[in-house]
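# Structural description and commentary
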Amino acid sequence: MKTKEPIIIKSSNYKSFLPLDIVAFSWAFGGAMGDAGGVNIVCRDGVSYYFNWAHGDMSEDMIHEVLPVITKCELPIVGETDRVPEGWHHISLGFGNNLIIKEEYVKPLKLAWESFSKSVEQGKFVILYNVWQQLVTDIVEKKI
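Let us look at the structure shown here. Treat the numbers as computed from the prediction; the structure is a model and nothing was measured.

Cut-off values and rules
Residues numbered from 1 in each chain as written. Predicted model: local features only at pLDDT ≥ 70, side-chain atom pairs only at ≥ 80, totals over all residues. Heavy atoms only, no water. 1 Å grid on protein atoms, 1.4 Å probe; cavity = no way out; pocket = protein on both sides within 12 Å on 5 of 7 lines; lining within 4 Å. Points joined across faces, edges and corners; volume = space filled by probe spheres on them. Helix = DSSP H or I, 4+ residues; strand = E, 2+ residues; numbered from the N terminus. Nonpolar A, V, L, I, M, F, W, Y, C, P; charged D, E, K, R; others polar. Expected span 1.5 Å × (residues − 1). Buried < 20%, exposed > 50% of the residue type's maximum accessible area, 1.4 Å probe, protein only. Contact = heavy atoms within 4.5 Å. Arc of directions from axis to C-beta.

### So, the layout of surface pockets
Its boundaries defined by the atoms lining it, the largest pocket holds a volume of some 190 Å³. If you go around the largest pocket, you meet 15 residues; those closest to its centre are Ser26, Asn40, Tyr129, Trp132 and Gln133. Listing elements by their share of the lining of the largest pocket, those giving two or more residues are strand E2 (22-28), strand E3 (38-43), strand E6 (97-102) and helix H3 (128-140). It is H3 that contributes the most residues to the lining of the largest pocket, five residues altogether. For the lining of the largest pocket, a count of residues per class yields six nonpolar, eight polar and one charged.

And the structure:
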């Protein structure tokens, strides 16, 4: 499964992409395993975007313009309940990585994940963290 390369969002270009019609995004805490601070976004048109809030050059205000829903999310690292606004759903991707997805895409994602998981060669290990972006892209592009 190969994911399309995302468009990189920076302080110098972010306004040219606004507003984004976001259907799902991953948010990694600064100490997360993998890409600490990384944010991957999938939009309704199937286009993917990326920025890093911890190591990039965007201010908090810029991040809020790109990803306004994040201002209404509470994603504690450990021990508390995650909260996202009505119409959104949180899925833990493990080790400080979070997926926030519009409610209308939760069931299609679960079905796509189940189907994909069954198709994986026996003995191979795969986690949602590695494939969510392609699955959501395929869903919005109506490939699955």
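### Here we look at H3
At 3.6 residues per turn, the α-helix brings residues three or four places apart onto the same side. If you check H3, its first and last C-alpha atoms are 17 Å apart, about what 13 residues at 1.5 Å a residue would give, namely 18 Å. Counting buried positions over the 13 residues of H3 gives 11, a clear majority of the element. Taken as a whole, H3 has its buried residues at Leu128, Val131, Trp132, Gln133, Gln134, Leu135, Val136, Thr137, Asp138, Ile139 and Val140. Next to the buried residues of H3 lie E2, E3, strand E4 (48-52), strand E5 (88-94), E6 and helix H2 (106-119). Two residues or fewer after H3 comes lysine 142, characterised by a positive phi angle close to 60°.

### Remarks on H2
If you check H2, its first and last C-alpha atoms are 20 Å apart, about what 14 residues at 1.5 Å a residue would give, namely 20 Å. Along H2, the residues classified as buried are Val106, Leu109, Ala112 and Phe116. Each buried residue of H2 lies within a common arc of 125° when the element is viewed along its axis, so the set occupies one face. For H2, the exposed residues set more than 90 degrees away from the buried face come down to Lys107 and Lys118. Buried residues along H2 sit against E5, E6 and H3.

### Here we look at the environment of serine 115
Looking at the secondary structure, you find serine 115 in helix H2. Given the relative accessible area of 48%, serine 115 is considered partly exposed. Residues serine 115 and isoleucine 144, spaced 29 residues apart in sequence, show a C-alpha to C-alpha distance of 10.0 Å.

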